Structure formats: structure tokens, C-alpha cells
Amino acid sequence: MDRECVSLLPRVCEVLAASGSSLPDDTSLEKLLDWFTEVTKAGTSLLESCPCLLEFISSVVRNTTLDPSILSFTLRLTGLVAVTEDAFTVLQQSSVLDLVFNLQHWQEAGLWEDPCIRIGWIQGLRTMMQHPKALGFFVQADFLKPLLQLQTDKSLFVASAANQMLAHVLLSCQSVSSVESNGVDEEGEDVGRSSGSIADLEYPAITVETNQDYAAVVTAISECLKKSLVPRKNSQLHQSLQILKLLALLLAQTRAPLWEKLLQMVADSVDELLAAGYSQLVLPLMDVILAAHSSCDANRRVTDQRVSRLLSFMLNIRKPADLIQAAAAFLRRGRHDLVHTAQSARVLLLPLDIITGLNLLTTTADEQQFSMVEQLKNKTSCISMICVCLTNTPQITLTAADCLPCPPVLIVTAVLSLLRLCSGDFSSSSSSSSSCRDVSRNIIGSSKVQKCALEALIALSGSPGVEVKLPEVVTLLVQYLDNPHSDPTVLHKSYQALVRWMSVCSDLSSITDQHRQDLLQVATKRSCDIRWEVRDSTVEFLGRLAGVSVVQTTAEEVSDASVALLGGCCFTTPLLRAALQDPESYVRASAISALAQTLAASWQQGAALTQEHTEIVNQLLEVLSRDTEGFARRAVVRYFIAWLSSRSSHSSPPPLASSSLLMPSVRSVLSRGSADLDWEVKVHTLELAELLLHEAFSGQRGYMKGNPTQTHPYAVIPDTLHTRTHNEEDVVGELNSLVQWGVVSVLLSGLVDCDRPVALRACRLLMTLREVVCPLSLGALDATAAMAMVAKVTCELPGCGWAREIRKMLATKAKDAERGCSVGEVVDCDDCGEAGQEAASVGGQTPCVSVCEVLRSLDLDERLDVLTRSSDHVHNSPFSLLQDILTASSAHSQPDTQQEVIVDCY
Amino acid sequence: MPEINVTPLGAGQDVGRSCILVSIGGKNIMLDCGMHMGYNDDRRFPDFSYITQNGRLTDFLDCVIISHFHLDHCGALPYMSEMVGYDGPIYMTHPTKAICPILLEDFRKITVDKKGETNFFTSQMIKDCMKKVVPLNLHQTVQVDDELEIKAYYAGHVLGAAMVHIKVGSESVVYTVSRNKHAATAWIDKCRPDILISESTYATTIRDSKRCRERDFLKKVHESIERGGKVLIPVFALGRAQELCILLETFWERMNLKAPIYFSTGLTEKANHYYKLFITWTNQKIRKTFVQRNMFEFKHIKAFDRSYADNPGPMLIGKFKRQCSVIMPGYCVQGTIGHKILNGQRKLEMEGRATLDVKLQVEYMSFSAHADAKGIMQLIRMAEPRNMLLVHGEAVKMEFLKGKIEQEFNCYMPANGETATITTNPSVPVDISLSLLKREMALGGSLPDPKKPRTMHGTLIMKENSLKLVSSEQALKELGLNEHQLRFTCRVQLQDPHSDPDTLHRIYTHLKSVLKGYTIQHLPDGTVMVESIVIKVSSSAEDSNAKVLLLSWSYQDEDLGSFLSTLLKKGLPSGLC
């Protein structure tokens, strides 16, 4: 623990124990507790390092007039202090512990009503319960009773904390019993004695007496569960809900024999609860049954059958809405047995079967069908049930083929048919009865159902044998895109579905010219929509489509979906270029990304430059220097990153024409991007610089792509990194071109940038560069000798902005060095050797410095250390927190000198 | 009884993140989805796992409504929609939708850029979240689904801030954010909601007149620049920045001051653009001025460039000397330099153990645009709610206001995680068929009078969410059903040494004497009828004296039937012939 903090702590304790009102900032206490937790986790005993805490706790706990937030803090702190057995004993001997957790004490003071006291009590106990002494304390003080009462507390937070706590108690007792029954567990003994740990422990050396106590706790808990599970009246449903939550938690975590005991105790109550048929309890009940079901294997067969019977009961509930919930919950859990899976799948497909009139299920019980139809006639429940079914459709198709009542392709047909009904198209509906038509009417125009159905369609695209549906899917989605009533979110999902189906069904031979024409029309129309959300989704769609490769039958030729569906660049590029002028910056940014995706293919194929391409590049450079919004400018830099990296990945040398446009553009992107106001533009610019760095030095000795600091000093460096032998001439040549492209300037300007991620990235890249051109491991003199030519490569440091900062840093370093032994060398353009930087600037010329010298003199490692820390680490430190509490309290106690600070947030 | 449940996940008895869950008429609505400024970890966002354990918020929530663009009301939105996963509708007004992403981007910048957090929502997530937002117009009723409707009203506070009226059937809730002085022009229908949920940040105070505070502020600024000093005003709340800009601009104009006023570029500049754009959404005074000029077109206030900082002379920003001052127009959370300055620390520790002395004058003036007790009472008078629920305020201060309000109605102030349950008594409208009304009147009833409720008999039909009371014949006709009569039967054993027809006659005579005024018939088919009750006699095979009486009646004559069976069980009087 920091010595400075320890010295401030006694005063802070005094202030907290004395203040009549709450602290002006309610987060201070939470943060203080965070710090104490951290210290404890690091293995430091709080009581030993801060003895003042004992006095603090004992004085606060006796002063019930204090603010409840401080009392709650103290309860939690006590638990944290008592986490080790030694500290626990000290607290108990000083009789603090009994008072702190004495319920009567808080009740008499009228404070128990405050939820923050209750939660403090629970959390304090919970933290403390890591050793047998604490468990013994809990049992002897008979805390079980209040804890059971708190399970149904009116505060969600308190009830949930009490839930967790009770599970913890039970699991602790379970560990005790298992230790007892298995004899002394050597490992457990070791862990139990390491008093610093706050991990859950297994308790050794339990006497028969205490073991009986624990058995009593287990029995009391199970009795209580059994008793409180079934509500006597409707108003007690909340209680059942809480108990079910607890039970689910317990059944998932406990092992035999406790698991079995618990289940046997509550099984009858669960049966009773099932029979009562409370809709609100369906999901929690299902959670309990599934928790039991998933741990069945590890336990006995008899209970297994019982759980299986409960499950069957749940999947046969009469109320259709509840039944669907139960089936969906079952499928979501993922661990399936065939019978129940098939049953759940049938349940979830039934509403689709009814509404669409498609025969998804060959046979259905008439009674079930009838009650489902009746329920579906109510619009609200129809929509909610259909949505649950659709959301879980993917789970249905994931199940084994023999569980499916119909092939996936039929499910796709049903979803398509449903989507048609949603838009009011009844022409293809095969439902004949009037009641089914009534039901279908309920979903017309519901964007909620539409969204769910489109999601389902997306998920179904991967199912086997559904490719045949592609033309139908495309037709429908185009209709949706064309529909003037479609909600922007529905349009967005339709686009997503289209892209997804394109990427899954790579064979587009079934797509007709009519499809293409319709899609072209609709995309053109939507790219001029009045709502920016729709325009953005359209533009995003155009880009994503270009990233999907498909096969067109004619020549087995692989192309992207954009070419196959929309005719490629000749259609999309003009649309996207128009979108560059969009008033909404989000759309402009999406257009730029989409352009990059559209042109990626031509870059990779090394296609010759077109006039249009040149125009786009000019337009983008214009955006980079003029656009007022960061999004668009970020996208421009990313565009060039994509272009440059596609060129690097291209095996054959790039055509000259492409390079002739790319490299000068990259150069101006580097200079404009690094001078941008937006930090992300700058970070992207550095990424571009990194690509160039990689291109120049990949394979060169010392070059490590990515973060140099992340590599372990003793890590084995892959051989590939040494394949290219060290060649100084190469290095000089590459370094010179990097300087010329402005990469070095970008890195240096980034290093002194006020945006932290920019400086951090630049610092890492400079370190990478340093490792290649002048590794520190060689030592200054060796390096100079070995790389005399490299040392002569210079870069400019103009007298303003970032360069001035760098010069200042170099000058400081030089001064330091003067005092020491070696002197940092600064050279000017005329290679004037010894001449200092001052002289150069006095001379009015832009001074040049040796890149190597700069890299060696900048203390990059030290800088990296600072930059990896958060910018608010000073003001967010525990010391700063303690100081703030002290200052706030003194300001508070002298209201005359300082005006009252009202915590008003906004 | 139907009830409305309100559970704050945040802003219950505190001023942190606002996030209030309302369950009304089977619908679940989330009001605001804010973040807490004071935390750097998950605690800054509401814990949605309390709502649904399986994390499927879309299944649970019907909609999310955002009251205004401040981060303590919308900061957790992209986290909720894109990281936790919510795909349903999100509602906010047009200006809020325009300004919200600016603030969220700024929040992201601080978190990712300055604090270096990596697991945080991205710009793409902010955009995707905003694409799910449905913009609201004022006074326009929006149908979320068939049952749930919402309507937004002007609320003052900041640009685009709204009060929302949420209605399901005949139950309704009004949620209002902090209202400031502009709220005087705000208006809400006398909608008599079941609950009015209101913020209560300044619940205790009838605040000193805003004008005094403004005068004080201008005086302090003026004094400082008169001394040749510079004034720095770090405004972190959008809206307040614009308010102060207008204040300074007008003062400069009036006093003919020459010192330049700068505002930092970026956030405020972008927001100013929207303030100009959405001028029709601001208060009356600003709108009136708009005829001559747009109040957000500032003459004296210019965007600031870093290089200006060293310029000599007085200005509202720059390099600071002793005569300079900093005015904090709002609270800063712990863990910031602002917090330290606000609490009067004179030495600040900086990076690398360096310390800075705070030499300039520090002033704190709360310009927070929240409602005081007076504003809340005014709103109550306007909307006439049945119950009141207070959020977004400190517990102690809320108690004060609660006491004040409770003299008139129930007032709730649930803590975070606590549920306030309000039982409602919704009136359910039922249509009555004309023929039924006519029949009732023909039976001597008076014309329907709302002041004199009375019982009416008929069949209640529920069709397409509406209720109708009709005569049973009409109901049968409408539903295409056949009428079925339900009859009760009962056996009574009797010792009577006569033949069966004689016993029947004796029964007839007995009933004639007991039941005066009833229609009693001895029918030739060997039965006796009393109203709809049929009585038959048969004797047992073994004992001809042991008679079995069969009684049968329709449910309308249930009382008479029971009476007869009890009467006959007692046997027949001996004197009958």
C-alpha cells in the first residue's frame, strides 16, 4: 500500500466518522471501497497496514446518526477487513463484529428500512464468508432467518444480493459436508490456511458439532424454499419468482448429494406451482427445470426421470403463450434430448403453420390447434407469440434433422409467406379458413414482426437445401425495399438479409434480369430517400455487396455480388459519388467506405487507372481537407489504407499507372491526416504510415510488425524475420523514401500529439523504426560505425508546431547529456555536423536532423511508459481520492469561506 | 386491480444515471437510458440484467423514450442497443436525435482517447443506435402499437427536452425532465395521468431568481476583465453553454464591451449549429427575437484557436495571471481537476509529480437548468395527476418536496431497484344496444343519468377490444348460437299413503295455500307447475307409500326451487284432502 495514502487515511477516517451529512460526491465511498478491495486482493492485510480502520469501524457503528451511505460503507468495509481469519479474530475480540452485523442494532435505530443498509449488511457478510470462522459466526448468530426474509425484499438489488448470498452460504455448507464425508482434503486444507485469499474455499477440520449446524442450515434453507415456493395468494407471486431465481442458481451450482436433496425437497412444490399455471412464472420455472435438467447427468437416474417429467409437463402447458415461452426457453438452452427438442420445435412452428396455412406440421392435436388459433386472434398476443417463434427459428434449424417436423426449406417458405402477409399481400397465402385469415390480418404492417421475420430469414440462409429459395427471397426483399411504408429499420434489415443470402448462395444462376433491374431501380430510389438512415443503409449495402464473392454460371467466373447483381462499378460508383455530397456526414462516410469496397477488386486485379478513379481520389482528398465532420475524414484515410494494403498483398508488381496516383495521394493523406483535429483521423494516418513502414522493412532485421513492447524479451523470433540479410544500403534507401513520403514527420508529429492514442501509436512505431535503423542494443558508437550511412539520413524539423516540440525535447536531452558523457548530435541540411540546432534555426534555414539521432535521443521507452497510462491516472488515484475527501469536508465545514457545492450533474 | 409499476434502475433517490422502468397495462417502457459520470467501469451504465436475465431486452421492452440529450439521460443508449442488444423502437425529439450523437461521440472520445479504454462502443455502434431512433414531434400522438401511445410536450431545460405522456387504454403516466425558467412557456394538457414522474433535483429550494444569478455572473465576468484579467468558463453541459453565450452576447452588446469572447471549437460549435437550426424548438423569447436576428448568430463570440491563448489583453479565455478568474457553472465529479478546483484545492498534482498552484480566483455558480419546488408544483396544477413519483434528486431533499406534495396526493420516491406500485381504477367504457335501453325504459326505468347509476341486465360481448352490453336474444343472434336452457332437478322422498295422482293433488292444494300470488297449475299430463318449476310424483316398486317427488326448475327460479324442495321435504300437512 502506498505510504502517502496510509499517512492520509487516519484523517480521512476521522472526517468520515465525524461528518453529519453525506459526502458531496456519492461515488467517493464506492471508489474508496474499490481501493480497499484491490489492496486486499493484492494480499495485504487491511488491518495490519491501516490500524486506524478498526477504530473507525467501531466508532461509526455506534453512531447511528451518521448518514446511511457512510454506515453502509462501513458494513461493507468490515466484511472486507474480516476476509482473513486473523483480522476476523481481531474484530471479533474487540466485539466490533457482533455489533456491526447485529440486525437488531440497525432495526432499533430505524435504519433497516433504508435499502443501502440492507445491501451493506448482505455484501459485508458475503465478502467476509471466505473462511470457516465466518461461516461459524453466520450460523451461530442465526443470520439465516433474516437472510431468508431478504430473498423477497422489495428492492430488486437487495433481493438479488440476498439471492447470491444464500447460494454462497449453501455452497459453503456443501463444501464443508463434502470435506467431512471425503475425509480431510489435503488441497482444501492448504487453501483454507492461506488467509490472504478471498477465493471461495473448502473448509478443513470440521467438528461433528459444527457439521450438524451446517446440516441444519441446509435443511432450513430447503424447508424455506419448499414453503415459500407456492404462493398462497396472487400478491405473493413476486416471492415465488425470487425463490425460483434462487433455486435455478442453486441447482446449477450444487453437486450431489445436496443437489438431490434440494430437488427432492422442492419437487412437490414445483409440481404444485406447475399445476397452478401462473403465466408470470413460466420462464423462471423453466429456468429451474432446465438448471436441474442440465446437471442431471452428474446426478442420479431417479431424479433424472422426475426432471424429465417436469419438462414434459412444461412443454404441454395449455396456455399457448406460456407454451411458446417454455419451448423457446428450452431450445435456447442448447443442451437437448431428442424427444423434447422435437416437441419444442413443433410448438414453435405451430403459429407459423396456422398463419401461413403451410403444412409445416403433419399432425397436430386439434385441441392445441384450436386454443392456439383463439390466442392468435388477439392482435397483441399474436404479434408477441409470432415474434418469439421467429426469434427462435434459428435454434430450430440447428437441431438434428430427425427432430425437425419439416425440412428447413419449408420453414423458409413459411417465413417468406409471413413476410408477404405482413405487407398485406394475401395472394399467395394458402390458409383457407376464415379464422386463419383473421389471424393473418393481425400482423399486417407490424414492423416488429417484419424485423423478427427478416432476422429469421438471415439466420435461415445457412440451412441445408434452402438455396433453391434464392429467387423468391430476392423478389420479396426487393418488394420490401420498394414498399413506401417500410420502416427504416425494416429496410436496414432487408438489406442485411439480401447481403447475407448473396454471401451464402454463391451460385446466382437463378437470379433473373428482372431481379437485377428491380434491385437497380430500388437502390437508386432509396439512395435519394428523405431519411438519412435509409440513405446510409443503402450506401452501406452497396459497399457490403461488393465484398461478397459469387459465381455466375455463364463462365464459372468468380466476381463480387455487386457486379453480379447491380452490374458493378458502372452503376454503384456514380451513386456513391453522389452520396459524397450528402448533407449527413454519416452517409458521406459510408459512401467513402463503400467506394473502397467497390474498387477493392480492381485494385487487387491491378486494373489500369481510369479517369473516374482519378476524379474520386481528388474528391476524397478534398473531403479530407474540407469536410467538417470527422467520420468522413476518417473514412478517407481508411480508403487509402485499403488501397495501399491491397497493393501490398498483390503478388505481381503494381502497374505503374496505379502507383503513380496512389503514392502521391498517400503522401498528401499523410500530411493532411496528421494535421487533422480528429484523433481518429490521426490514428488512421499512423496506420497508413505503419503500412509503408512494413512495406519498406518487412523481413529486415529487427523489424517486428505490431507492438514491440508486447513481445517477450526472450521470445523466439520466427525465422522469417531473418530471411533477408541485413543490407545497409537497402535500409538507407528505404529510410530515405520514408522521409520523403513524410512518414517520419508523421510519426514525430504524432509523438507530441495531445491525443493519447495518437502519441502512443506513434511512439510504438518510432520504436519499431529505431529497432531497424539504429538498434539500441548495438550501443551508440557501434551503431554509428556499423551504420554510418544510415546515420546520415536526415529529416526536416521546421520551427513551428510539432517540430518545435521535438526540438525542445532534443535540446533538453542534449543539455542533460552535456552534463553527462555523450552529446546528442544535431545536423543541418548542409550536413554541418557539429552545428547545433540553435545555430541552424538562427541561420533561418529549416534545420535537418539525423533520423537515427532523433530516434536515439527521444527517450521513447520512457515516453511509452507514460502514454500507456490513462490520462486521468493522477486525478483518479487513491491518493487523489483521499485528498478530495479531505478537501471537500473542510470546504463543507467552513461554509462561509466557500459556497456550497451542489451536486447537480447537468 | 390493475396496477402501474415504476422501478428506477438509476436516478431513484440520486442524481446519477436516469433509467426508469414503467410497466403499464402490460407494456414495459424504459424512460431514459443514462450513464453515471462518476464511474469509469460498468457501474456507469444501468444494470439491465435486473430486467431480464436472459438479456433479451427486445422481447421485454416495448419502447425506450429519451427525454433529452444530456448524457445522464442518454449516455448508455448505444451500450444498451448495440452491446447488450435491443432492437425495438427508441423515441426522442428531432433536436435530441440531432445532438445526441455529438455528445455520445464526445463521451467516446474522452473514454477511449483520454482514458484509453478499449471495450467501449464504437462510432459505428453510435450510428447504428441512432438509426433505430424514431423522431418525435411536439404535441403529436405516436402510436407505438395498437395499445400504447405517446405524446411529447415542450419541457424547457435544454433544446429538444420533452415531457412525455404515455397512455395505455385508460391508464397513463407523464414523465418530465428538469424544467427551467423557460418552462413557464411550457404547457401540458390537463391529462390527469395516474402518475406524474418528475425530476426533483432542486426539490428543497425555491431558487433565488435566475435573474439575480445571471446578474451576479455578469458582474463577476465584468470585474475580472475590467482588472485586465481573463475569464475561463469551463461549461460541460450543452445547453448551458448556449444559455451563457446568449447572456454574454447581450451584455457585451449593451455595455459596448470590446474584449473578445471565445468558445472552444468542437462540441459547442457543432451544437450551436443545431441550436440555430432548431430555433423553433426554443422558448418564446428567443423565437420572438428571431424576427430580427437569430439569437444563436453571435457577434461577439468567436471560435477559439489554440494560438490565441497567448494574446495579451483581457478576454474570456487565455493565459492566466493572478487577476484572472475561472467560473465553474456546474458540478464536476470526483476524479477530475474540476472537482479539486471546485472544492478549493490550491495545489494540483500533475503528471510526473509536478504540482501547479491555483493562483486565479475560482467562482462556483450553479447554472444547472433544473426545476425547483415551484416549477414542480406548477406542473402538478397543470396536469392534475392522481399520484406523484419523484426521481433524480437527493433523498433528503426529495423528502421535503414529498411532504409538501403529500398534503394533496400520494407521493412516491422509490430508491434504485425498488418498485413503486400504484393501483389504478380504470373506467372501462361499454356500449349499450339501443334495443336493450328501450326495453329497460319500457319496464318503467327513467332515462340514463350519469349521476344516478343503476343496474342493468344483459349479455356482455367482447369484440375487437370493445365491450358491448346487449339483450341475450341479440347476443345469441350476433354470435350465431342456439339457446340452451339449464334446468336444476332434485328428488324429494315422501311418505304418503295415497295413490300417485292423489298425492299430486295434495301437493297442489298444499302449495296453493302456502304460495299466495304465484301461478300454480295442475296440468293434465300429471304434473304440477309453479312458475317454471315442474313437480312429478312416482312411487317406489317395493313400498307404494314411499313417494319420490321430482322437482325441476330453470336457473331464473333458483330461489323458488330451493324453497319448494325444502318445503316438500318437511312432508305434507295431514289435513289436506
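Residues numbered from 1 in each chain as written. Chains lettered and ligands numbered in written order. Predicted model: local features only at pLDDT ≥ 70, side-chain atom pairs only at ≥ 80, totals over all residues. Heavy atoms only, no water.

Right, let's talk about the overall build of chain B for a bit. Across its full length, chain B carries 16 helices and 29 strands. Residue burial in chain B is summarised as follows: out of 577 residues, 53% are buried. Counted over contacts in chain B with a minimum sequence separation of 6, partners at least 24 positions apart contribute 66%. As displayed, chain B has an accessible area near 26700 Å², and 53% of this comes from carbon and sulfur atoms. (Helix = DSSP H or I, 4+ residues; strand = E, 2+ residues; numbered from the N terminus. Buried < 20%, exposed > 50% of the residue type's maximum accessible area, 1.4 Å probe, protein only. Contact = heavy atoms within 4.5 Å. Areas by Shrake-Rupley, 256 points an atom, 1.4 Å probe, with all protein chains shown as cover.)

A few words now on the sheet that holds strand β23 (residues 459-463) of chain B. All names here are of chain B. As summarised here, the arrangement of the 3 strands in space is β22-β24-β23, forming an open sheet in which the pairing is mixed. Of all the strands in the sheet, the pair left with one neighbour each is β22 (430-432) and β23. Adjacent strand axes in the sheet meet at a mean angle of 30°, parallel and antiparallel pairs treated alike. Running over the sheet, helix α14 (residues 472-479) touches β23 and β24 (466-470) and is turned about 30° from β23. (Pairing = 2+ DSSP bridges. Axes fitted to C-alpha atoms, helices over the stretch in contact; angles between N-to-C directions.)

Here the focus is the confidence of the model for chain B. Residue and element names in this part refer to chain B. Across chain B, the average pLDDT comes to 84, with 89% of residues at 70 or higher. Mean pLDDT values for the elements of chain B range from 68 in helix α9 (residues 284-289) up to 98 in strand β4 (residues 63-65). Across the interfaces of the predicted complex, the ipTM metric reaches 0.89, alongside a pTM of 0.85. (pLDDT = per-residue confidence, 0-100.)

With that settled, the discussion passes to the packing of aromatic side chains. All told, the structure shown has 26 aromatic pairs over all chains when counted by the stated rule. A centroid spacing of 4.6 Å and a plane angle of 45° characterise the contact between F157 of chain A and Y50 of chain B, whose relative ring orientation is tilted. Of this pair, F157 of chain A sits in helix α12 (residues 156-181) while Y50 of chain B is found in the loop between β3 (27-31) and α1 (57-60), placing the two residues in two different chains. Residue class for F157 of chain A comes out buried when judged on its relative accessible area of 17%. With a centroid separation of 6.2 Å and 20° between ring planes, the pair formed by Y274 of chain B and F278 of chain B is classed as stacked. What makes F278 of chain B buried here is its relative accessible area of 14%. Through successive ring pairs, a cluster of aromatic residues spans F88, F101, W112, W121, F137, F138 and F143 of chain A. (Phe/Tyr/Trp six-rings, centres within 6.5 Å; stacked < 30°, edge-to-face > 60°.)

Listed per partner, the contact involves 70 residues of chain A and 76 residues of chain B. Summing the contributions of chain A and of chain B, the shared interface buries around 6500 Å²; its carbon and sulfur component is 47%. Scanning the region where chain A abuts chain B turns up 14 salt bridges. Between D34 of chain A and R43 of chain B there is a salt bridge, with the nearest N and O atoms lying 2.3 Å from each other. Summed over the shared surface of chain A and chain B, the result is 27 residue pairs in polar contact (both at pLDDT 80 or more). For the side of chain A that touches chain B, the element with the highest residue contribution is helix α47 (residues 878-893) of chain A, accounting for 8 residues. (Buried area = accessible area lost by both parts, 1.4 Å probe. Salt bridge = Lys/Arg side-chain N within 4 Å of Asp/Glu carboxyl O. Polar contact = N/O pair within 3.5 Å; in protein donor to acceptor, adjacent residues only side chain to side chain.)

Looking now at the confidence of the model for chain A. All names here are of chain A. Looking at chain A, pLDDT values average 83 and 83% of them are 70 or higher. With pLDDT under 50 throughout, residues 182-206 is counted as low confidence; its partners more than four residues away or in other chains account for 40 contacts. When the criterion is pLDDT under 50, residues 822-843 qualifies, and its contacts beyond four places in sequence or with other chains add up to 31 contacts.

As a further point, take the sheet that holds β3 of chain B. Residues and elements named next belong to chain B. If you trace the 7 strands from one edge of the open sheet to the other, you get β6-β5-β4-β3-β2-β1-β21, paired in mixed fashion. Either end of the sheet is taken by a strand with one partner, and the two such strands are β6 (133-136) and β21 (420-423). Across this sheet, the average inter-strand angle for adjacent strands is 25°, counted without regard to direction. Bridge count between strand β5 (residues 90-93) and β6: 4 bridges; the pairing is parallel. Each residue of the ladder has a partner; that of T93, found in β6, is L136.

So, about a nonpolar patch on the surface. Where nonpolar side chains cluster on the molecular surface, the patch consists of V428, V430, I432 and L460 of chain B and spans about 330 Å² of accessible area. Relative to the helices and strands, V430 of chain B is located in strand β22. (Patch = residues over 30% accessible without salt bridge, like charges linked within 9 Å, V, L, I, M, F, W, Y side chains within 5 Å.)

Another point: empty space enclosed by the protein. Over the atoms rolls a probe the size of a water molecule, and its path tells where empty space is left. All names here are of chain A. According to the stated counting rule, one finds 11 cavities of 30 Å³ or more in the structure shown. Approximately 70 Å³ is the volume attributed to the largest cavity. Lining the largest cavity, in full, are L273, L274, G277, Y278, V282, L285, F313, M314, I317 and D322. Counting only elements with at least two residues in the lining of the largest cavity, the list comes to α16 (258-276), α17 (282-294) and α18 (301-314). For the lining of the largest cavity, the per-class residue count stands at 8 nonpolar, 1 polar and 1 charged. (1 Å grid on protein atoms, 1.4 Å probe; cavity = no way out; pocket = protein on both sides within 12 Å on 5 of 7 lines; lining within 4 Å. Points joined across faces, edges and corners; volume = space filled by probe spheres on them. Nonpolar A, V, L, I, M, F, W, Y, C, P; charged D, E, K, R; others polar.)

What follows is about the packing of helix α32 (residues 569-579) of chain A against helix α33 (residues 585-604) of chain A. Residue and element names in this part refer to chain A. Axis separation between α32 and α33 bottoms out at 8 Å; the angle between their running directions is 155°. It follows that α32 is roughly antiparallel to α33 by the angle criterion. Seen from above, α32 lies across α33 with left-handed handedness. Contact residues: α32 offers C569, T572, T573, L576 and A579, while α33 offers V587, R588, A591, A594, L595, T598 and L599. A breakdown of the residues in the contact of α32 with α33 according to their chemical character gives 8 nonpolar, 3 polar and 1 charged. (Parallel < 35°, antiparallel > 145°, perpendicular 65-115°, else oblique. Left-handed = near helix turned anticlockwise from the far one by under 90°.)

Bringing α16 of chain A into the picture now. Residue and element names in this part refer to chain A. With 19 residues, α16 should cover 27 Å at 1.5 Å per step; its first-to-last C-alpha distance of 27 Å lies within 8% of that length. If you look at α16, its biggest bend is around 40°, right at V266. One or two positions beyond α16, positive phi appears at G277, with a value near 65°. (Expected span 1.5 Å × (residues − 1). Bend = angle between axes of the 7 residues up to and from the residue.)

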